[in-house]
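Given next are the chains, with one letter for each unit.
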Amino acid sequence: MNQELSILGLGGRVAIVTGAASGIGKSAAEILAAAGARVVACDVNAEGVKAAVAGFAGSGHAAEAIDLADLGACDTLVRRTAEREGRLDILLNVAATLRRLDIEDIDEAEWDRLMNVNLRSQYFLCRAAGEAMKSGKWGRIVNVSSGAGLVGGFVGATAYAITKAGIMTLTKSFAKDLGPHGITVNTLSPGAIDTPMQRTGMTRDTLEAARSRIPLGRMGLPAECARAAVFLASDLASYITGHILAADGGFLMR
Ligand SMILES: NC(=O)c1ccc[n+]([C@@H]2O[C@H](COP(=O)([O-])OP(=O)(O)OC[C@H]3O[C@@H](n4cnc5c(N)ncnc54)[C@H](O)[C@@H]3O)[C@@H](O)[C@H]2O)c1
């Protein structure tokens, strides 16, 4: 374990991280592992998540190939983890999908895919994880949303933004429900973070337009956002629940 991270109190914790093959999820999983947690890293990108886990510090980590559109797979993931590890302490719901489409081009299949991957999976993973965490009387759930969930989508991200708004409300509801069991549930709201998703379907001009509205004057790095997620998952955030934490370089200032 990295001794500088021992203040987080994450040694020996068991954490599920979705979206762990890339970007913010991969970085958060790496930090959790460095802080002494055992990480179950999940992603639809089977090769990517295996490679990510191979680079983690420490031991006892697992890579799981899972498509979050599959509801049964979400339940199985939590049950299998709790059985194998004997506990579950942390869930980072990071994965999401985004295809930039104009409003008139979003058909039923696209709508369903976005809702199922980005929103439905988070609901059912929260529910299953909350149940698994209750016996330990300690738990941390961090649901990753987006500033788009507060102010609407930017460049073909209408339905995506709707899923992200839903995540903020589901977080508050679960925070009320799970609070009495010692489980905190918070939202992390990234701004423009330099990952493959941020660049999907963006031109130089749209990227520059986004950057020019950020007070810190640049896109964030995945680790700058991941650290905020890990903080919410740590002992340091013991009295924070139902909160929306923005890691957005001051973009929204709400
Ligand atoms: N990058 C940004 O600027 C930004 C801004 C706001 C919000 N976010 C949010 O941050 C989170 C992480 O995004 P990122 O920027 O790191 O993107 P990313 O593309 O780097 O990583 C997303 C990961 O999710 C995985 N994934 C996609 N669909 C999946 C599915 N069906 N099942 C399982 N895994 C799946 C991908 O394979 C990928 O590894 C997302 O929830 C995203 O909406 C990102």
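Refer to the preceding data block for the structure.
An account of the accompanying structure is given in this report.

So, how was this worked out
- Residues numbered from 1 in each chain as written.
- Predicted model: local features only at pLDDT ≥ 70, side-chain atom pairs only at ≥ 80, totals over all residues.
- Heavy atoms only, no water.
- Helix = DSSP H or I, 4+ residues; strand = E, 2+ residues; numbered from the N terminus.
- Expected span 1.5 Å × (residues − 1).
- Buried < 20%, exposed > 50% of the residue type's maximum accessible area, 1.4 Å probe, protein only.
- Contact = heavy atoms within 4.5 Å.
- Near = heavy atom within 4 Å.
- Polar contact = N/O pair within 3.5 Å; in protein donor to acceptor, adjacent residues only side chain to side chain.
- Areas by Shrake-Rupley, 256 points an atom, 1.4 Å probe, with all protein chains shown as cover.
- 1 Å grid on protein atoms, 1.4 Å probe; cavity = no way out; pocket = protein on both sides within 12 Å on 5 of 7 lines; lining within 4 Å.
- Sits in = over half its atoms within 2 Å of the grid points.
- Pairing = 2+ DSSP bridges.
- Right-handed = clockwise from strand over helix to strand, strands pointing away.

Let's talk about helix H6 (residues 158-178)
Then comes step 1: An ideal rise of 1.5 Å per residue puts 30 Å on 21 residues; H6 measures up with 30 Å between its terminal C-alpha atoms.
Then comes step 2: For H6, the set of buried residues is Ala159, Tyr160, Ala161, Thr163, Lys164, Ile167, Met168, Leu170, Thr171, Phe174, Ala175 and Leu178.
Then comes step 3: Residues of H6 that are buried in the fold lie against helix H4 (108-134), strand E5 (139-144), helix H5 (148-151), strand E6 (183-190), helix H7 (196-199) and strand E7 (244-247).

Side note on the site of the ligand
Then comes step 1: Around the ligand, 28 residues are found, and the nearest of them are Ser22, Asp43, Val94, Tyr160 and Thr195.
Then comes step 2: Backbone polar atom of valine 44 to a nitrogen atom of the ligand: 3.2 Å apart, as the coordinates give it.
Then comes step 3: Expressed as a share of its isolated accessible area of 830 Å², the protein-covered part of the ligand is 92%.
Then comes step 4: Judged by the fraction of its atoms near the pocket grid, the ligand is located in the largest pocket.
Then comes step 5: Of all the secondary structure elements, the ones that give two or more residues to the shell around the ligand are helix H1 (23-34), H4, H6 and H7.

Notes on the pairing of strand E4 (residues 90-93)
On a regular strand, each side chain points to the face opposite its neighbour's, so the side chains alternate between the two faces of the sheet.
Then comes step 1: Because side chains alternate across E4, one face comprises the buried residues Ile90 and Leu92, and the other comprises Leu91 and Asn93, equally buried.
Then comes step 2: Here strand E1 (residues 14-18) pairs with E4 via three bridges, running parallel. In the strand pairing of E4, valine 17 is matched with leucine 92.
Then comes step 3: Direction of pairing for E4 relative to E5: parallel, over a ladder of four bridges. Of the residues in E5, the one forming a bridge with leucine 91 is isoleucine 141.
Then comes step 4: Assessed by its sense of winding, the connection that carries the chain from E4 through H4 to E5 is right-handed.

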